[in-house]
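An overview of the molecular structure
These are the residues of each chain, in order.
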Amino acid sequence: MQKIGFIGLGTMGMPMAKCLRKNDCAVHGWDVSEQAMQEFGSSVESIATLGATCDQIVTMLPEGEHVSLVYEQLLASELSEGGLFVDCSTI
């Protein structure tokens, strides 16, 4: 089973990530909000951890600056070969 990393568990991202999980996808979430992390039930330590352990990364972030910062961190991590990035941000 492929692992999906979902970054941005806010108003739009949380329902999207939960929907994926409800449909039998292995989803690991990350957000700057500790409350959002707890609500999603995620224990991922960092964005770099998602990059190193997930085959697909979905981002749902509020501003272009956030997207740039997240992708810089992802690209600096040890990515799996052939990984897929999908940005769903409404920027």
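For the structure, check the block above.
What this report covers is the structure whose coordinates are included nearby. Throughout, a residue's number is its position along its own chain's written sequence, starting from 1. Residues qualify for local features only when their pLDDT is at least 70, as the model is predicted, and side-chain atom pairs are given and counted only at 80 or more; totals for whole chains, interfaces and linings, by contrast, use all residues. In computing side-chain properties, one takes all heavy atoms of the structure into account and sets aside hydrogens as well as water.

**Quick word on the packing of aromatic side chains**
Here the aromatic set is Phe, Tyr and Trp, taking the six-membered ring for Trp, and pairing holds for ring centres within 6.5 Å; pairs whose planes are under 30 degrees apart are stacked, those over 60 apart are edge-to-face, and all others are tilted. According to the stated counting rule, one finds one aromatic pair in the structure shown. Note on Y71 and F85: the rings are 5.2 Å apart at their centroids and 70° apart in plane angle, and the pair reads as edge-to-face. Of this pair, Y71 sits in helix α4 (residues 64–76) while F85 sits in strand β4 (residues 84–87), and the two are 14 residues apart along the sequence. Residue burial is assigned from relative accessible area. The probe radius is 1.4 Å, only protein chains are included, and a residue is buried under 20% of its type maximum, exposed over 50%, and partly exposed in between. With a relative accessible area of 14%, Y71 lands in the buried category. Seen from the ring of F40, R21 lies directly overhead, with NZ or CZ sitting 3.8 Å from the centre. Helix and strand definitions here come from DSSP, where helices need a minimum of 4 consecutive H or I residues and strands a minimum of 2 consecutive E residues; each element is numbered from the N-terminal end. Charge over a ring is defined by NZ of Lys or CZ of Arg lying within 6 Å of the ring centre and within 35 degrees of the ring normal.

**A look at the pairing of strand β1 (residues 3–7)**
Each regular strand displays side chains that alternate between the two surfaces of the sheet. A large share of β1 lies buried, amounting to four of its five residues. Pairing geometry for β1 and strand β2 (residues 26–30), over five bridges, is parallel. In the sheet register, I7 faces β2, and the bridge partner there is W30. Taken together, β1, helix α1 (residues 13–22) and β2 constitute a β-α-β crossover, and its handedness is right-handed. A pair of strands is treated as paired once DSSP finds two or more bridges between them. Bridge analysis of β1 against strand β3 (residues 56–59) gives four bridges, and the strand direction is parallel. When the sheet's bridge partners are listed, I4 is paired in β3 with Q56. A clockwise course of the path from the first strand over the helix to the second, judged with the strands pointing away from the viewer, identifies a crossover as right-handed.

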